Amino acid sequence: MAKGNKLTPQSEDFSAWYNEIVYKADLADLSPVRGSMVIKPYGYALWENIQKNLDQMFKDTGHENLYFPLLIPMSFFQREAHHVEGFSPELAVVTHAGGKELEEPLAIRPTSETIIGEMYSKWIQSYRDLPLLYNQWANVLRWELRTRPFLRTTEFLWQEGHTAHANADEAVAETNQMLDVYTEFAEYYGAIPVIRGEKTAGERFAGAKMTLTIEAMMRDAKALQSATSHYMGTNFAEAFNISFNDENNQQAFAHTTSWGLSTRFIGAIIMSHGDDQGLIMPPRLAPSQVVIVPIYRRDDEVAKAQVLGEVDKLARQLKDKNVRVRVDKREGISPGFKFNEWEQKGVPLRVELGPKDIEQGTALLANRLEPDKETVKLESLAEGIPERLERFHEALYQRAKSFRDSHIFEVKDYAEFKEKIEEGFVYASHCGDPESEKQIQEETKATARCIPLEGPSASGIPCIHTGKASGYPRKVIFAKAY
RNA sequence: CGGGGCGUAGCGCAGUCUGGUUAGCGCACUUGGUUUGGGACCAAGGGGUCGUGAGUUCGAAUCCCACCGCCCCGACCA
């Protein structure tokens, strides 16, 4: 019966599983250009739900959207030393246009700090112009050597928030606030538990004074940086002359921040929740929260009309409750095929409705997280769906959390570190020396993910690698990462 | 750029070593019929610059040369 439509099991080859599900669930397709991809309707619908909800959170915290251009004068990148160093290797540059060589080459934005800095310097004259709280939804381009769908593509979609403030306190508060926003987004919408923390100097954004991150654990126990929030200090303000007169008519540099979440988050959803059957969509972001599969014989027109009538009625009731519902009326495809397909696409709840059910006034309800189907009264089915979706979200979140918690280890020495790093995340005291971090990476493939905001104290505990005093108040999280 | 592999139908592959009719298989697709409550079956069809170029040969997917492209592993990254 079952043909070769099965996915490679995660336990056999997680990476093969990931690649297969991206295409089989119809999230994306390869493009003719190496390293870039087409985001197909099912994947894009997921992105639209991410956008919609995150955007509302930005607006609720006082931000406005605007749009900066794609092309950035090459010279802008030279102005901030760390920034140019960090981004030059992955810049794509337009050198010719209109059949002629350009006087100044134009970089395709890999991120927009520089051009935004240039514009902010024009817009900001007085402390009354601050804070400036802007965000843009855009595409960016980074010439990556190795690419993977959603996780690292040459072109990707994201939002980048860029704010300017009168002093460090406000800017740092903004940086923290946006980390809170991302945390809530990942957990409340994505059902993805995250570890919040600060990046070590070596992992910091090019040009930042402080980088905050949310790190999530994928089901292969590797880490995925899911969003970041940066405090730039006055680095960009000095490079782009973003200065203003303060209340005492003194010139001062603005303190800036930037923060972003990209289509990589789709990768986080895939790898946080998916199983050997395919995707599992978090209900609050799922393109379809419920799919209804009508069942009937083609030769029985009466039953067919009756079934489709009930199905439409149920769909209407669900829409009235703001449930995203999809009815799969495709003909010539067996119900069993549809069940498998929607399971692979990760739809949280599925209703199966046929003549036998209607006779009894019931429907079969399948839950993507549970093996058995439930018989539910048709008349009260719609009413119970919103709550079932809430419970589904909670179960999904708890499932991810308990997986993560059972794959985090606290280690005492380097030998134990090397052993446990193969199994998941590791808390270890670290001196903070970038050289030591590098060596650890070479020896174990693991990187310092972050200094967690909450976690075991490192005070008085020597570095597991160098034996020197800990460089941070808490133990650092190390992990192999995407 | 270093190491390995691959280019044959939309996808996955066989055929290449040992040259020889009309280039084949699975999936997908089209049509018809039987099916439809867990990935249906039967039958008939459509679809190919065998990566590109030059060569050897009576004859090249197959041999030689050059080029191009892609994938995997390593160094960089949201």
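Numbering of residues starts from 1 in every chain and runs along the sequence as written. Chain labels run from A onward and ligand labels from 1 onward, assigned in the order the entries are written. For this predicted model, a pLDDT threshold of at least 70 governs which residues receive local features, and a threshold of 80 or more governs which side-chain atom pairs are given and counted, while totals over whole chains, interfaces and linings are taken from all residues. Water and hydrogen atoms play no part in the side-chain values, which are based on all heavy atoms of the structure.

Undergrad: Explain the sheet that holds strand 5 (residues 92–97) here, please?
TA: The pairing of strands in a sheet happens through backbone hydrogen bonds and is either parallel or antiparallel. Note on pairing: two strands pair once DSSP finds at least 2 bridges between them. Put simply, DSSP marks the helices as runs of H or I at least four residues long and the strands as runs of E at least two long, and each gets a number from the N terminus on. One open sheet accounts for 3 strands, arranged 4-6-5; its pairing is antiparallel. Here the strands that pair on one side only, and so sit at the sheet edges, are strand 4 (71–73) and strand 5. Strand-to-strand, the axes of this sheet are offset by a mean angle of 45°, without reference to chain direction. Of the pairings in the sheet, the one linking strand 5 to strand 6 (residues 100–108) comprises 5 bridges and is antiparallel in character. Each bridged residue has a counterpart across the sheet, and for V93 the counterpart in strand 6 is A107. Between N-to-C directions, angles span 0 to 180 degrees; the directions come from axes that are lines fitted to C-alpha atoms, helices contributing only their stretch in contact.

Undergrad: How do you make sense of the protein's contact with RNA strand B when you look at a structure like this?
TA: Around RNA strand B lies a shell of 36 residues, among which R146, R152, R264, R297 and R298 are the nearest. By convention in this text, a residue qualifies as near a molecule or strand provided that one of its non-hydrogen atoms is within 4 Å of it. Take the atoms of RNA strand B that sit within 4 Å of the protein: sugar and phosphate atoms are 43% of them. Within the side chain of N340, one N or O atom sits 2.7 Å away from a base nitrogen of RNA strand B. Among the elements of the structure, helix 9 (335–344), strand 17 (349–353) and helix 10 (355–360) are those that each provide at least two residues to the surface near RNA strand B. In the analysis that follows, any N or O atom pair within 3.5 Å is treated as a polar contact, provided that within protein one partner can donate a hydrogen and the other can accept it, and provided that, for residues neighboring in sequence, both atoms belong to side chains.

Undergrad: I'm lost on the sheet that holds strand 19 (residues 374–377) in this one. Help?
TA: If you trace the 5 strands from one edge of the open sheet to the other, you get 16-15-17-18-19, paired in mixed fashion. The sheet is open, and its two borders are formed by strand 16 (325–327) and strand 19, each paired with just one other strand. Taken pair by pair, the neighbouring strands of this sheet meet at an average axis angle of 30°, ignoring direction. Two strands pair when backbone bridges link them, and strand 15 (residues 290–294) and strand 16 are joined in this way by 3 bridges, in the parallel orientation.

Undergrad: I would appreciate a short explanation of empty space enclosed by the protein in the present structure.
TA: In this approach, a probe sized like a water molecule rolls over the atoms, and the result shows the empty space that is left. Any residue with an atom within 4 Å of a point lines the site, the site being either a cavity, points on a 1 Å grid over the protein atoms alone where a 1.4 Å probe fits but cannot get out, or a pocket, an open set with protein on both sides within 12 Å along at least 5 of 7 lines. Grid points are joined across faces, edges and corners, and a volume is the space filled by probe spheres set on the points. Applying the stated criterion across every chain, the model contains 3 cavities of 30 Å³ or more. Approximately 80 Å³ is the volume attributed to the largest cavity. Lining the largest cavity we find E113, I116, G117, Y120, H162, T163, M232, F236, I242, T256, T257 and S258. Going through the elements one at a time, helix 4 (113–123), strand 8 (155–165) and strand 14 (255–262) are the ones with two or more residues in the lining of the largest cavity.

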